[in-house]
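So the chains spell out like this:
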Amino acid sequence: MRRVDHPRFTTALRRVEDSIDAAWDSFCVESGGTAEARELAEVVLQDTSEFDWRIVDGALKQLTCPDCGSTLGAGDSGCPSCDKANGFRFAAQETDRPGVPPGNEHAIRVSSAVARTRHRHSPRARAGYELLLPDLLDGALPTTAQAQRAKHLINQLTDDELEHLITPADLQQPST
């Protein structure tokens with residue numbers, strides 16, 4: 001089974017999407033609910049550093065790329081407007097949830113951005129970020145040494161082998 005079809009991954013991705021939708025909906029209500037979602041999204045993207053990353057990602061979901069017609073920021077790499085918008089999400093604020101290690105929220109943001117626009121990233125990047133996403137959502141955060149070890153093991157595998165990894169435990173030192 002491919003990772004993207006496994007319930008571990010699909011559930012994690014749904015949790016992220018639901019949290020983005022909830023943050024966006026709450027933001028719209030708090031904003032008075034008078035502006036259309038598209039207009040409000042354009043306001044958010046004028047200075048993404050003023051908003052939580054989930055609100056920024058919610059704003060991006062409201063807009064269509066004028067160049068490629070995809071959801072803004074989700075088109076293929078090389079689309080000028082999507083590349084620019086994809087960068088906007090990384091200027092947004094991120095606040096760690098209570099009870100998680102510092103940096104967990106950043107890891108969720110990056111991992112979920114890769115998982116939600118996987119066609120924009122290499123198989124190696126997808127594997128590393130997608131494998132960790134469910135654990136990150138549960139409050140885990142790998143150490144630098146653990147992340148470096150996982151990257152080393154990922155770099156030993158073929159693209160097809162990478163797509164079939166389900167959990168970080170599936171990464172084993174290849175036999176030599």
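Definitions and limits used
- Residues numbered from 1 in each chain as written.
- Predicted model: local features only at pLDDT ≥ 70, side-chain atom pairs only at ≥ 80, totals over all residues.
- Heavy atoms only, no water.
- Helix = DSSP H or I, 4+ residues; strand = E, 2+ residues; numbered from the N terminus.
- Rg over C-alpha atoms; globule rule 2.2 N^0.38 Å.
- Buried < 20%, exposed > 50% of the residue type's maximum accessible area, 1.4 Å probe, protein only.
- Contact = heavy atoms within 4.5 Å.
- Axes fitted to C-alpha atoms, helices over the stretch in contact; angles between N-to-C directions.
- Parallel < 35°, antiparallel > 145°, perpendicular 65-115°, else oblique.
- Left-handed = near helix turned anticlockwise from the far one by under 90°.
- Nonpolar A, V, L, I, M, F, W, Y, C, P; charged D, E, K, R; others polar.
- Salt bridge = Lys/Arg side-chain N within 4 Å of Asp/Glu carboxyl O.
- Core = buried A, V, L, I, M, F, W, Y, C linked by side-chain atoms within 4.5 Å.
- Polar contact = N/O pair within 3.5 Å; in protein donor to acceptor, adjacent residues only side chain to side chain.

**Q** Describe the overall build of the protein chain, and please don't skip the residues or the numbers.
**A** Check the secondary structure of the protein chain and you find eight helices and zero strands. Element order for the protein chain, N to C, with α for helix and β for strand: α-α-α-α-α-α-α-α. The globule rule puts the C-alpha radius of gyration for 176 residues at 16 Å, and the 17 Å found for the protein chain is close to it. The principal-axis extent of the C-alpha atoms belonging to the protein chain is close to 60 × 40 × 25 Å. Out of the 176 residues belonging to the protein chain, those deemed buried represent 40%. Here the analysis covers contacts within the protein chain between residues at least 6 apart in sequence; of these, 59% occur between residues at least 24 apart.

**Q** Before we move on, can you summarise the packing of helix H5 (residues 104-116) against helix H6 (residues 123-137) with the specific residues and values?
**A** Where H5 contacts H6, the two axes come as close as 8 Å, and the packing angle between them is 130°. With respect to H6, the element H5 is oriented oblique. Considering only the axes of H5 and H6, their crossing is left-handed. Judged by residue contacts, Asn104, Ala107, Ile108, Val110, Ser111, Ser112, Val114 and Ala115 of H5 engage Ala125, Arg126, Tyr129, Glu130, Leu133, Leu136 and Leu137 from H6. In the contact of H5 with H6, the residues fall into ten nonpolar, three polar and two charged.

**Q** Lay out the pattern of salt bridges with the relevant residues and their values.
**A** A full pass over the atoms with the stated rule returns 19 salt bridges. The salt bridge involving Asp57 is made with Arg89; its shortest N-O contact spans 3.1 Å. Placement of Asp57 in helix H3 (residues 53-62) and of Arg89 in the loop between helix H4 (80-88) and H5 is noted, with a sequence separation of 32 residues between them. Among the residues examined, Arg89 registers a relative accessible area of 3% and is labelled buried. Glu130 is the partner of Arg118 in a salt bridge, and the nearest nitrogen-oxygen pair spans 2.8 Å. Of this pair, Arg118 sits in the loop between H5 and H6 while Glu130 is found in helix H6, placing the two residues twelve residues apart along the sequence.

**Q** Quick rundown of the environment of Gly73? Include the residues and the values.
**A** Relative to the helices and strands, Gly73 resides in the loop between H3 and H4. Taking the relative accessible area as the measure of exposure, Gly73 reaches 0% and is therefore buried. For Gly73 and Leu132, which are 59 residues apart along the polypeptide, the C-alpha to C-alpha distance reads 22 Å. If we ignore the near neighbours within four places in the chain, the residues touching Gly73 are Cys82, Ala85, Asn86, Arg89, Thr117 and Arg120.

**Q** So, the nonpolar core: which residues are in play, and what are the values?
**A** Ranked by internal contacts, the top residues of the largest apolar core, which has 32 residues, are Trp24, Phe27, Val44, Leu45, Val56, Leu72 and Leu133. Looking at this core, the elements that each hand over two or more residues are helix H1 (7-30), helix H2 (37-46), H3, H4, H5 and H6. When residues no more than four places from it in sequence are discounted, the contact partners of Leu72 are Leu45, Leu60, Leu63, Thr64, Cys65, Pro66, Ser81, Cys82 and Ala85. Formed by eight residues, the second largest nonpolar core is a distinct cluster that contains Leu153, Ile154, Leu165 and Leu171.

**Q** Now, about the side chain of Arg116: what can you tell me, with residues and values included?
**A** Here Arg116 is to be found in helix H5. In terms of polar contacts, Arg116 uses its side chain to reach the side chain of Glu17, at 2.8 Å. Look past the residues within four positions of Arg116 in its chain and what remains in contact with it is Leu13, Val16, Glu17, Ile20, Asp57, Lys61 and Arg89.

Honestly, it's all geometry; don't read function into it.
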